[in-house]
Amino acid sequence: MGRMIHNLSERIRKDEPVPAPVHVALWLASFGQRFGMWLRLRGAAKAVPAHVVSFGNITVGGVGKTPAVIARAARECDAGKRVAVLTRGYGASPARTPLILAPGMADATTAARFGDEAALIARRVPTAWIVRAADRVAGAQAAFEAGCTLLIMDDGFQAVALARNENILLVDAANPFGNGYLVPRGILREPLQAMRRATEIILTRCDQAGAALDALEKTIRYHAPHTPIHYTQHKPVGLWRLCDNGDAPLSLLRETPVRVVCAIGNPDAFLTTLRDLGAHIVETHCLPDHGAIPQDMLASDVPVIMTEKDAMRLPETPRPDIYALAISLETYTR
């Protein structure tokens, strides 16, 4: 069943045809989701006595949100702020009450308890607190009680129960809105007019958008005419060996054939990045987002390349020829 759902979502994300009998069920499910969102938006948001910054998107699948969260968290920590990143803990084991990870306390169990994205944030910004809670208000309150005064809510655009000072929307410029339909028929979580709630819009992967970037900006301006837009790209900054956290040059991708293994929301963007770096990819394995990577996929005669998020989920120290591609978010002016 999981594989079938993954294959269907991939077809929708790539704007490929969906079998006609599926459309009725998809429409009914989409109506239910829109009605639920309408009910949530009608409720009053609860505030906590801290500065809350939300990062989110209006589509399913990866838009490059984690690098943006990492960049903001690192900047605020460097400025001396006591920062907490609020996460729901996608892919982690169930938890009924908020879980708190203090700075410097990350270990081999962090991904299982807090989720792979939270584990990556803890690795890249070791001075930030991580608070996991399905109830965003409860998570924010727990972070404030821990002494944090700046809260970064990951994947919070639809988490309207918690009031925020900044409502940052991320849009993947390479595949912004899919086929234009709401989930599950399309990749939109909300209609495009929801963009008007954003206080800032960050376009990611602009380097992969080409000439479509101008049309995308016009669409955004139609729905959110006065919202600031920032242009970014995912910049590869190196490889790191999972066995010892040692660095490796990006030239390794051009010097030897590689196998790519990933379980992320947008594998096409990852593969494009690798090809742009000149990688000689001889084998590719793309699994559902947050999925477990079987050990037999790591057994290869050539180096294995994965994302940093994938690396967080590996249960044991792998072989010395398995690498993660490190990415940073780079902002530029058009």
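This one's a predicted model, so the numbers in the text were calculated from it and none came from an experiment.

Parameters and conventions
Residues numbered from 1 in each chain as written. Predicted model: local features only at pLDDT ≥ 70, side-chain atom pairs only at ≥ 80, totals over all residues. Heavy atoms only, no water. pLDDT = per-residue confidence, 0-100. Contact = heavy atoms within 4.5 Å. Buried < 20%, exposed > 50% of the residue type's maximum accessible area, 1.4 Å probe, protein only. Helix = DSSP H or I, 4+ residues; strand = E, 2+ residues; numbered from the N terminus. Pairing = 2+ DSSP bridges. Expected span 1.5 Å × (residues − 1). Arc of directions from axis to C-beta. Salt bridge = Lys/Arg side-chain N within 4 Å of Asp/Glu carboxyl O. Core = buried A, V, L, I, M, F, W, Y, C linked by side-chain atoms within 4.5 Å. Phe/Tyr/Trp six-rings, centres within 6.5 Å; stacked < 30°, edge-to-face > 60°. Lys NZ or Arg CZ within 6 Å of the ring centre and 35° of its normal. Axes fitted to C-alpha atoms, helices over the stretch in contact; angles between N-to-C directions. Left-handed = near helix turned anticlockwise from the far one by under 90°.

## Side note on the confidence of the model for the protein
Looking at the protein as a whole, its pLDDT mean stands at 89, while 87% of the residues score no less than 70. With pLDDT under 50 throughout, residues 28–32 is counted as low confidence; its partners more than four residues away or in other chains account for four contacts.

## Topic: the pairing of strand β4 (residues 129–132)
Burial of β4 is two-sided: the residues Trp 129 and Val 131 facing one way and the residues Ile 130 and Arg 132 facing the other way are all buried. The sheet contact formed by strand β2 (residues 83–87) and β4 spans four bridges and is parallel. The residue of β4 that forms the bridge with Val 85 is Ile 130. Summarising the sheet, strand β3 (residues 99–101) and β4 pair through three bridges and their orientation is antiparallel. Looking at the pairing, Ile 100 lines up with Val 131 of β4.

## Observations regarding the pairing of strand β5 (residues 150–154)
For β5, a buried count of five out of five residues is recorded, marking the element as mostly surrounded by other parts of the structure. Because side chains alternate across β5, one face comprises the buried residues Leu 150, Ile 152 and Asp 154, and the other comprises Leu 151 and Met 153, equally buried. Relative to β5, strand β1 (residues 51–56) is paired through five bridges, and the arrangement is parallel. In the strand pairing of β5, Val 53 is matched with Ile 152. In this sheet, β5 lies alongside β2 in parallel orientation, the contact comprising four bridges. Note on β5: the bridge partner recorded for Val 83 is Leu 150.

## A short note on helix α7 (residues 212–223)
The first and last C-alpha atoms of α7 sit 17 Å apart over 12 residues, in line with the 16 Å expected at 1.5 Å per residue. Those residues of α7 lying buried are Leu 213, Leu 216, Ile 220 and His 223. Within α7, the buried residues cover an arc of 90 degrees as seen down the axis, which keeps them to one side. Exposed residues lying more than 90 degrees from the buried face of α7 are Lys 218 and Tyr 222. Those residues of α7 hidden inside the fold are in contact with β6 (166–172), β7 (200–204), β8 (229–241) and β13 (322–332).

## A word on the side chain of Thr 59
Considering the arrangement of structural elements, one finds Thr 59 in the loop between β1 and α3 (65–78). Sequence-distant contacts of Thr 59, defined by excluding residues within four places in its chain, comprise Pro 176, Phe 177, Ile 187, Leu 188 and Arg 189.

## Some details on the pattern of salt bridges
Summed over all chains, the structure comprises 18 salt bridges. Of the charged contacts, one joins Glu 117 and Lys 309 as a salt bridge, the two residues approaching to 3.7 Å between their closest N and O atoms. Taken together, the residues span a long stretch of sequence, with Glu 117 in helix α5 (residues 116–124) and Lys 309 in helix α10 (residues 308–313) at a distance of 192 residues. Here Glu 117 falls in the buried class, since its relative accessible area comes to 13%. A single network of salt bridges, built from pairs that share partners, joins Arg 72, Glu 76, Lys 81 and Glu 166.

## Structural notes on unusual backbone geometry
With omega at 5 degrees, the peptide bond leading from Val 183 into Pro 184 counts as cis. Mapped onto the elements of the fold, Pro 184 is located in the loop between β6 and β7. One non-glycine residue, His 290, adopts positive backbone phi at about 70 degrees. With respect to the secondary-structure elements, His 290 resides in the loop between β11 (281–286) and β12 (304–307).

## Quick look at the nonpolar core
With 43 residues, the main nonpolar core has Phe 55, Ile 130, Ile 152, Leu 242, Ile 293 and Met 306 as its most contacted residues. Formed by 22 residues, the second largest nonpolar core is a distinct cluster that contains Leu 188, Met 195, Leu 203 and Ala 209.

## Remarks on the packing of aromatic side chains
Taken as a whole and assessed by the stated rule, the structure comprises zero aromatic pairs. One Lys or Arg, Arg 185, reaches over the ring of Tyr 181 and ends 3.8 Å from the middle of that ring.

## Digging into α5
Here α5 lies mainly inside the structure; seven of its nine residues are buried. Those residues of α5 that sit buried are Asp 116, Glu 117, Ala 118, Ala 119, Leu 120, Ile 121 and Ala 122.

## Considerations on the packing of α3 against α5
Running from amino to carboxyl end, α3 crosses α5 at an angle of 35 degrees, the nearest separation of the two axes being 10 Å. Once α3 is placed against α5, the crossing between them reads as right-handed. Residues Thr 66, Val 69 and Ile 70 of α3 lie in contact with α5, whose contacting residues are Glu 117, Leu 120, Ile 121 and Arg 124.

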